Amino acid sequence: MMTGTGYARSQRDKEEEGKETQEAVPEKKRVEEKVEKKKAASKSQGKKVKLYSGARKTARATASIYQGTGKVRVNGRILELWEPEVARLHMLAPALVSGELRERFDIDVKVAGGGFMGQADAAAMAIARAYVDQSRGNEAKARMNAYNKYLLSGDPRQTEPKKFGGPGARRKRQKSYR
């Protein structure tokens, strides 16, 4: 029975020799190199970031808060430049109600899904939750609830699903007789 050509056997021998030379490096050095790389990556981050979520209908928002000067960005845009104005005012409400907390923290919000007002509601909820979590005591929570009870708990209303017999959730086909 023939096991193979001499060329294939010599190639296998070379691969095995290469494996032996790699194994000659002590395991501890490999582990130390990996640990050093991980430590360097964590030191470069430096900032402590917390994430908060908000949702309204099909819109979802995630806010990250960290020490800063009071900037609020939504999808990379400064909140004061956000359009339409109604949505901007709705998203600014938690920052204005929070008072002095706004000047101590920066917030970045990422919003996706839904329409512009659903996104505004979701972003406002995420911003409000971030400010309340960073505050000491229940004063900020009480102020948010006094301003709008849905800023922290969410709005439970959802669109009703479409039913059979018509074009929408409630509307039915009209009858022209009788």
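Above this note sits the structure.
Residues numbered from 1 in each chain as written. Predicted model: local features only at pLDDT ≥ 70, side-chain atom pairs only at ≥ 80, totals over all residues. Heavy atoms only, no water.

Undergrad: Help me understand the pattern of salt bridges, please; the structure alone is not making it clear to me.
TA: Think of it this way: side chains of opposite charge can pair up when their charged atoms draw near. With the rule as written, the count across this model stands at ten salt bridges. With a closest N to O distance of 3.5 Å, Arg-56 and Asp-155 form a salt bridge. Within this pair, whereas Arg-56 is found in strand β1 (residues 50-56), its partner Asp-155 is found in the segment after α6 (150-153), the two being separated by 99 residues in sequence. The same class applies to Arg-56 and to Asp-155, which are both buried. Notably, a salt bridge pairs Arg-102 with Glu-80, separated by 2.5 Å at the nearest N-O pair. Taken together, the residues span a long stretch of sequence, with Arg-102 in the loop between α3 (85-98) and β5 (105-112) and Glu-80 in the loop between β4 (77-78) and α3 at a distance of 22 residues. What makes Glu-80 partly exposed here is its relative accessible area of 38%. Linked by salt bridges that have partners in common, Arg-56, Asp-121, Asp-155 and Arg-157 make up one network. (Salt bridge = Lys/Arg side-chain N within 4 Å of Asp/Glu carboxyl O. Helix = DSSP H or I, 4+ residues; strand = E, 2+ residues; numbered from the N terminus. Buried < 20%, exposed > 50% of the residue type's maximum accessible area, 1.4 Å probe, protein only.)

Undergrad: How do you make sense of the packing of α3 against helix α4 (residues 116-134) when you look at a structure like this?
TA: Each packed pair of helices is defined by two parameters, the angle between the axes and the distance between the axes. For the pair α3 and α4, the least separation of the axes is 8 Å and the interaxial angle reads 10 degrees. Relative to α4, α3 is oriented roughly parallel. In this structure, α3 contributes Val-86, Ala-87, His-90, Met-91, Pro-94, Ala-95 and Ser-98 to the contact, and α4 contributes Phe-116, Met-117, Ala-120, Asp-121, Ala-123, Ala-124, Ile-127, Ala-128 and Tyr-131. Classifying every residue of the contact of α3 with α4 by side-chain character gives 13 nonpolar, two polar and one charged. (Axes fitted to C-alpha atoms, helices over the stretch in contact; angles between N-to-C directions. Parallel < 35°, antiparallel > 145°, perpendicular 65-115°, else oblique. Contact = heavy atoms within 4.5 Å. Nonpolar A, V, L, I, M, F, W, Y, C, P; charged D, E, K, R; others polar.)

Undergrad: Sorry, what's going on with the packing of aromatic side chains here?
TA: One pair of aromatic rings is described through two measures. These are the centre distance and the angle between the planes. Taken as a whole and assessed by the stated rule, the structure comprises zero aromatic pairs. The ring centre of Trp-82 lies 4.6 Å from the NZ or CZ of Arg-77, which sits over that ring. (Phe/Tyr/Trp six-rings, centres within 6.5 Å; stacked < 30°, edge-to-face > 60°. Lys NZ or Arg CZ within 6 Å of the ring centre and 35° of its normal.)

Undergrad: Looking at this structure, how should I read unusual backbone geometry?
TA: Outside of glycine, negative phi angles account for most residues, and trans bonds account for most peptide bonds. For the peptide bond that leads from Glu-83 to Pro-84, omega is -5 degrees, which places it in the cis range. Here Pro-84 shows up in the loop between β4 and α3. In this structure, Lys-57 is a non-glycine residue whose phi angle is positive, near 50 degrees. Along the chain, Lys-57 falls in the loop between β1 and β2 (59-67). Here Lys-57 falls in the partly exposed class, since its relative accessible area comes to 40%. One non-glycine residue, Asn-75, lies in positive phi territory at about 50 degrees. You can see Asn-75 is positioned in the loop between β3 (72-74) and β4. Judged by relative accessible area, Asn-75 falls into the partly exposed class, the value being 40%.

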